[in-house]
Amino acid sequence: MHLKGRLVHVTDVQSDKLQSYITSSENLKSLYKRTLIIVSISQIFGGAGLAAGVTVGALLAQQMLGTDAFAGLPTALFTLGSAGAALFVGRLSQRFGRRTGLTAGFIIGGLGAIGVIISAILNSIILLFLSLLIYGAGTATNLQARYAGTDLANSKQRAKAVSITMVFTTFGAVAGPNLVNVMGDFALSNGIPSLAGPFILAAVAYILAGLVLFIMLRPDPLLTARTIDATNQISKDNVQLAAENTENKRGIIVGATIMVLTQIVMIAIMTMTPVHMKHNGHGLGSVGLVIGFHIGAMYLPSLITGVLVDKLGRPVMAMASGITLLLAGLISAFAPGDSMVLLVIALCLLGLGWNFGLISGTALIIDSTKTSTRAKTQGAVDVLIALSGAAGGAMSGMIVAGSNYATLSFAGGILSLVLIPVVIWALKEKK
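Residues numbered from 1 in each chain as written. Predicted model: local features only at pLDDT ≥ 70, side-chain atom pairs only at ≥ 80, totals over all residues. Heavy atoms only, no water.

Let's talk about the overall build of the protein
Counting its regular elements, the protein contains 18 helices and 0 strands. For the protein, the residues scored as buried account for 55% of the 431 residues in total. When contacts within the protein are restricted to residue pairs at least 6 apart in sequence, long-range pairs at least 24 apart make up 86% of them. For the protein, the computed accessible surface area is about 17,400 Å², with 69% contributed by carbon and sulfur atoms. (Helix = DSSP H or I, 4+ residues; strand = E, 2+ residues; numbered from the N terminus. Buried < 20%, exposed > 50% of the residue type's maximum accessible area, 1.4 Å probe, protein only. Contact = heavy atoms within 4.5 Å. Areas by Shrake-Rupley, 256 points an atom, 1.4 Å probe, with all protein chains shown as cover.)

Structure (structure tokens):
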């Protein structure tokens, strides 16, 4: 009886808290800001975790396999792994909330990074490939965390909410590539191959990201938003309720297409840039610098991008993404291989174009879904994004092996132009 009384008391306390968010806009605003801060802190660690695979994944595979033809395979594998993880994290979040789903995803990603380290020590290709698949869970979770900040945002705050969490990803994501040499030296001093060093950082970072969310993300933003929506809908008439409970499938398709295309182009060119640089005499420090600028451009402009997406609209920024990626592809294709300046400019534009596409596409997905099924739909869309990235990573090495880096970059730039007719089609349907 005593235990039952305690359970009733806890339930009453939780109910009172939820009621306070329903009845007080100030309390809800405070919870929204607190959620953004917690998710942003986790993104700092998550950004550091994802940078390891991006920076040295292709080089580690090249070293262990002894050929360039499969250098894009690590990116393909951890991106493929992120596809399965996106579905898993999305469904887990749908059922139990963001806290449970995101925590599980980050911890699994950390375990994958540990597996990569062990595979490098044992020089085991099979273990490397398996570990990269598991490591991909961190990438998927880091990407899905952007949705957690939007659960309590209104329609005019959504793109900005996405952008805030992405800005904080920058701190870890830029630091990671620039710690390549430091982590490499640390690994060597402990009898571990230097290229596995960044994965030590990734393991620690992903696990810390998961712990931050598990300990601090209370109350859960998605479960809170769902409760608030359900309460508010009780007072609405059936016609209005039916309208609000209908998903905009066209919006979901357009948002997903925008993110899929930008992911293919970005992953393909980014994956082979370290290999291209190595062939042109650049050292590991230079590779880390270029990739650091690239990742900074992927995330740092997010605050401005979020405001622009909310102010100018999703379609305008989606088309800006296509044009920016085209410029990135052309500069990458025609820049001399020994030119650090042009490579930095090209990779910065590549990151910026991806940023425009991700935030505008994400905002479209949120606009087009309802809270009762939102996490599940977001997970499914992120599966498509991850699979497209895996395809881009796998094909990039084969294209470069069969032709060259310039061909890959030029093809990527041209492909990005498909975004423009997609957006025009969507606008016509609106009219």
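Some thoughts on unusual backbone geometry
Along the chain, Arg218 connects to Pro219 via a cis peptide bond; the corresponding omega equals -10°. Within the secondary structure, Pro219 sits in the loop between α8 (197-216) and α9 (221-233). Even without a glycine there, the phi angle at Asn123 is positive, about 55°. Within the element layout of this structure, Asn123 appears in the loop between α4 (98-122) and α5 (125-148). When its relative accessible area of 52% is taken as the criterion, Asn123 is described as exposed.

Concerning the nonpolar core
Grouped together as the largest cluster of nonpolar side chains are 85 residues, with contacts concentrated most on Leu60, Leu132, Tyr135, Phe199, Tyr299, Leu350 and Trp354. Counting residues in hydrophobic clusters, the runner-up holds 9 residues, among them Val254, Ile258, Ala318 and Ala426. (Core = buried A, V, L, I, M, F, W, Y, C linked by side-chain atoms within 4.5 Å.)

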